[in-house]
Amino acid sequence: MSIRWLAVRSFQHSQDLLAAINTLSIHLKLQAAGRTDSEHTAQANQAREVLRSFLKMLEPVITDAERGETKPVLGADPRLRQLAKSFITAKRNCHRFHSALFRDTFTRVQQLLGSPKEQDRKPLLECLAELRVLIEEHVHTDAEQVLGEF
Amino acid sequence: MRNILRQSNADLLCDIDRLGERLRQAATAVPPELMPFYEWVTNQCDAFREAVKEHLHYLDLNQASILPDVLSKTQVVTRNLHLFNRFLVSPVLRGCPSDRLCLRVLQWLHGAHPQTQHIPAAISDGDYATFPDPPNPTIYFMPPSAQHRLLYLPLFFHEYGHLLYACHRPEMDALVRNLQGVLVQFLEPSVQRDDRHAPHDQERRSTIVETWYEWTVELFCDAVGLVIGGAAFIHSFSMYFRMLGRDEFQVRAEALEHRGHPVTWLRIQLLVDRARRMNLHDAAQGAEVSWNTIAEEMKVNEDYFGFYEAEFLTAIQQTIDDMLTEAEPRHFDEQAVEDSEASTSSPVPLLNRAWREFFKDVQKYSEWEESVISAYLAEQR
């Protein structure tokens, strides 16, 4: 009985997250460029919901993981534990990751996600771009396990 | 960058169109039980096409700022298409009439629960596994040799447990988290060391507790199998694993760390305990005796190197009980098994009868099995 389901679940979750990040990012950028993108507004709102749920799920796992290597992370599968650990490593790398996602609280990022204010667009786009990097690196491992190497 | 993306998206479009053609050609051979899955696959193919067309539309906007997003979008679709080609298309393209037995069982299994009745199912070749991603279809993998027999079909019920877990993931994860909290308490030493070994010991306890996430999921799936299939499940499970060798009985301490499944002997013991609570005494006794006999013959002692202790049992079984309450799998109906001749809607009586026939006369079993499979499929037309 194979446990590939764990990698597949993680792969698909990461793919869904990337889709949400890209949809919202394009919507915000077209808005900023003065191009009305009303047909994709509903998709952008859906993407915000996907990202909100993800952050809500990730936050307690990161809290557990931040207690240190010798304390267990509870209620999370190995791939989510790994993602939380990658997030903590990224937080320590201020050269590569400097958006609010890694420098501020999750509450602040949730606020940015829901904010209609123009001045919040840029910091939100920075968060999305850096979250995309983190998830792309994470999905690579799953893709290798699920799809194999060429 | 824009040109690179145009080329790659145009190429994706060709790929998707060719795949769509092959799927259309395969339509006439698709058995009725696979139609919901087939429809999902063709819709998904259309969704890929629409996504790629959207990428091309974004490229036509000539907005440099969105190029990184369109690049990432294209990569997402490319990877999804690879997954689609690798696993999701083959149940349709490789499909054959003899898939109907497995598909019938899966159709009943999904239909028997309100949360899975609208999730299409399909089968593919491979070791027992599943890809649960509700509300998307679930693919069940099964070794080809087992697909045309009755005895190992109950192992689908374990795989179905993974789908139920996925349907209730937040609640299930919370229950597993509670159990892990209890295990932290059990593993806490009565006297705290303060020497150079202390951090290593603490890390080891942490590894044991984290490993129990995957183990609890698997034990829940075993319990789902037993609840749905009754004695047939424990017979299938025990028979499938008991000749796979020493690793099914004992695994080295280092290899237990973050292992995806508990040692099979432990799974058998927890199944036996649960089967007894379900009054399936004969099946429980049969599995217990056969595993103990083989272990004795191989001179293997029971040792889980601290990953499992007898004092964990009550907390584990209580957690699994709570998970079963949450997921509500369809319960094995003993009366239906007794009336197996009359019952046609559920395959469970037939699967239990198969094991009784097998134990009654192994020599005559194959012939019996072949005839009842034909009758079962004819009834279900």
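Residues numbered from 1 in each chain as written. Chains lettered and ligands numbered in written order. Predicted model: local features only at pLDDT ≥ 70, side-chain atom pairs only at ≥ 80, totals over all residues.

A.B. asks: When you look at the overall build of chain B in this model, what are you seeing that I'm missing?
C.D. replies: A count of helical and extended segments in chain B gives 17 helices and three strands. Taken along its principal axes, the extent of the C-alpha atoms in chain B is 70 × 65 × 35 Å. Across the 381 residues of chain B, 40% fall into the buried class. Across chain B, every contact between residues at least 6 apart in sequence was considered, and the portion connecting residues at least 24 apart equals 74%. (Helix = DSSP H or I, 4+ residues; strand = E, 2+ residues; numbered from the N terminus. Buried ≥ 20, exposed ≤ 12 C-beta atoms within 10 Å, placed from the backbone. Contact = placed C-beta atoms within 7 Å.)

A.B. asks: Explain the overall build of chain A to me, please; I cannot follow it from the model alone.
C.D. replies: Along its length, chain A carries six helices and zero strands. Going from the N terminus to the C terminus, chain A shows its helices and strands as α-α-α-α-α-α. In summary, chain A has a C-alpha radius of gyration of 16 Å against a globular reference of 15 Å for 150 residues, a match within 12%. The long-range share in chain A, meaning contacts at least 24 apart out of those at least 6 apart in sequence, stands at 64%. (Rg over C-alpha atoms; globule rule 2.2 N^0.38 Å.)

A.B. asks: Is there a simple way to think about the nonpolar core in this case?
C.D. replies: The nonpolar side chains of soluble globular proteins are, as a tendency, buried together. By size, the foremost hydrophobic cluster in this structure holds 128 residues, and its most contacted members are Leu-106, Phe-156, Phe-220, Val-224 and Ile-234 of chain B. Sort the elements by how many residues they give to this core and helix H9 (residues 198-229) of chain B lands first, with 14 residues. If sequence neighbours within four positions are ignored, Phe-156 of chain B has contacts with Val-105, Leu-106, Leu-109 and Tyr-140 of chain B. Within the second largest apolar cluster, five residues are counted, among which are Leu-30 of chain A together with Tyr-58, Ile-66 and Val-70 of chain B. (Core = buried A, V, L, I, M, F, W, Y, C linked by C-beta atoms within 7 Å.)

A.B. asks: Hey, could you run me through the confidence of the model for chain B in this one?
C.D. replies: Interpretation of this model should avoid reading the predicted coordinates in detail wherever pLDDT is low. Mean pLDDT over chain B: 92, with 96% of residues reaching 70 or higher. Taken together, the chains of this predicted complex give a pTM of 0.90 and an interface ipTM of 0.92. (pLDDT = per-residue confidence, 0-100.)

A.B. asks: Where do I start with the pairing of strand S3 (residues 138-142) of chain B in this structure?
C.D. replies: For a regular strand, side-chain orientation follows a simple rule: the groups alternate between the two sheet faces. Residue and element names in this part refer to chain B. Of all five residues in S3, five are buried; the element is thus mostly enclosed. Covered by surrounding structure in S3 are Thr-138, Tyr-140 and Met-142 together with Ile-139 and Phe-141, the residues of both alternating faces. Inspection of the sheet shows strand S1 (residues 121-125) paired to S3 by five bridges, in the parallel sense. By the bridge assignment for S3, Ser-124 is matched with Phe-141. With antiparallel pairing between neighbouring strands as the criterion, strand S2 (residues 129-131) and S3 make up a hairpin whose turn holds six residues. (Pairing = 2+ DSSP bridges.)

A.B. asks: Hey, could you run me through the sheet that holds S1 of chain B in this one?
C.D. replies: Two strands in a sheet stick together by hydrogen bonds in their backbones, pointing the same way (parallel) or opposite ways (antiparallel). Residue and element names in this part refer to chain B. The strand order S1-S3-S2 describes an open sheet built from three strands, whose pairing is mixed. Lying at the two open borders of the sheet, with one neighbouring strand each, are S1 and S2. This sheet shows a mean twist of 25° between the axes of neighbouring strands, independent of strand direction. Packed on one face of the sheet, helix H7 (residues 155-167) meets S2 and S3 and runs near 30° to S2. (Axes fitted to C-alpha atoms, helices over the stretch in contact; angles between N-to-C directions.)

A.B. asks: Just to check I follow, could you spell out the interface of chain A and chain B for this structure?
C.D. replies: In many analyses, interface size is given as the accessible surface area lost on bringing the parts together. Taken together, the 33 residues of chain A in the interface contact 41 residues of chain B. The set of elements that each furnish at least two residues to the side of chain A that touches chain B consists of helix H1 (4-32), helix H3 (78-92) and helix H6 (121-147) of chain A. A total of 13 residues in the side of chain A that touches chain B trace back to one element, the largest contributor, which is H1 of chain A. The residue inventory of the side of chain A that touches chain B, partitioned by class, reads 17 nonpolar, seven polar and nine charged. (Nonpolar A, V, L, I, M, F, W, Y, C, P; charged D, E, K, R; others polar.)

A.B. asks: It is not clear to me how the environment of Leu-153 of chain B should be interpreted in this structure. Could you clarify?
C.D. replies: With respect to the secondary-structure elements, Leu-153 of chain B resides in the loop between helix H6 (144-147) and H7. Between the alpha carbons of Leu-153 of chain B and Thr-42 of chain B there is a distance of 28 Å; along the sequence they are 111 residues apart.

A.B. asks: What's the story with the packing of H6 of chain A against helix H3 (residues 67-88) of chain B in this structure? I'm lost.
C.D. replies: Helix-helix packing is characterised by the crossing angle of the two axes and by the distance between the axes. Following both chains from N to C, one finds H6 of chain A and H3 of chain B inclined at 15°, their axes separated by 12 Å at the closest point. Comparing their axes, H3 of chain B and H6 of chain A come out roughly parallel. Relative to H3 of chain B, H6 of chain A is oriented so that their crossing is left-handed. Residue-level inspection shows Arg-132, Ala-143, Val-146 and Leu-147 of chain A of H6 of chain A in contact with H3 of chain B, the latter providing Ser-72, Arg-79, His-82, Leu-83 and Arg-86 of chain B. Residue composition of the contact of H6 of chain A with H3 of chain B, by class: four nonpolar, two polar and three charged. (Parallel < 35°, antiparallel > 145°, perpendicular 65-115°, else oblique. Left-handed = near helix turned anticlockwise from the far one by under 90°.)

A.B. asks: How should helix H16 (residues 348-360) of chain B be read in this particular structure?
C.D. replies: Along an α-helix, a turn takes 3.6 residues, which lines up residues three or four apart on a common side. Between its terminal C-alpha atoms H16 of chain B stretches 18 Å, which fits the 18 Å expected from 13 residues at 1.5 Å a residue. Those residues of H16 of chain B not exposed but buried are Val-348, Pro-349, Leu-350, Leu-351, Asn-352, Ala-354 and Trp-355 of chain B. (Expected span 1.5 Å × (residues − 1).)

A.B. asks: Can you help me understand the packing of helix H8 (residues 169-187) of chain B against helix H14 (residues 313-327) of chain B in this one?
C.D. replies: Residues and elements named next belong to chain B. Interaxial distance between H8 and H14 falls to 10 Å at its minimum, and their mutual angle equals 170°. Considered as vectors, H8 and H14 are oriented roughly antiparallel to each other. Packed against H8, whose contacting residues are Glu-171, Met-172, Leu-175, Asn-178, Leu-179 and Val-182, the element H14 presents Ala-315, Ile-316, Thr-319, Asp-322, Met-323 and Glu-326 at the interface. Along the lines of polarity and charge, the residues of the contact of H8 with H14 split into seven nonpolar, two polar and three charged.

A.B. asks: Explain unusual backbone geometry here, please?
C.D. replies: Glycine aside, the phi torsion of most residues is negative, and most peptide linkages are trans. Residues and elements named next belong to chain B. A cis geometry characterises the amide bond from Pro-134 onward to Pro-135, with omega recorded as 5°. Relative to the helices and strands, Pro-135 is located in the loop between S2 and S3. Positive phi, close to 55°, is recorded for His-258, a residue that is not glycine. Structurally, His-258 can be placed in the loop between helix H11 (253-256) and helix H12 (264-277). A positive phi is found at Phe-305, a non-glycine position, where the angle reads about 50°. Structurally, Phe-305 can be placed in the loop between helix H13 (281-298) and H14.

A.B. asks: It is not clear to me how H7 of chain B should be interpreted in this structure. Could you clarify?
C.D. replies: All names here are of chain B. Taking 1.5 Å of rise per residue, the 13 residues of H7 would be expected to cover 18 Å, and the 19 Å separating its terminal C-alpha atoms lies within 8% of that figure. In terms of burial, H7 is largely enclosed, as 12 of its 13 residues are buried. For H7, the complete set of buried residues consists of Leu-155, Phe-156, Phe-157, His-158, Glu-159, Tyr-160, Gly-161, His-162, Leu-163, Leu-164, Tyr-165 and Ala-166.

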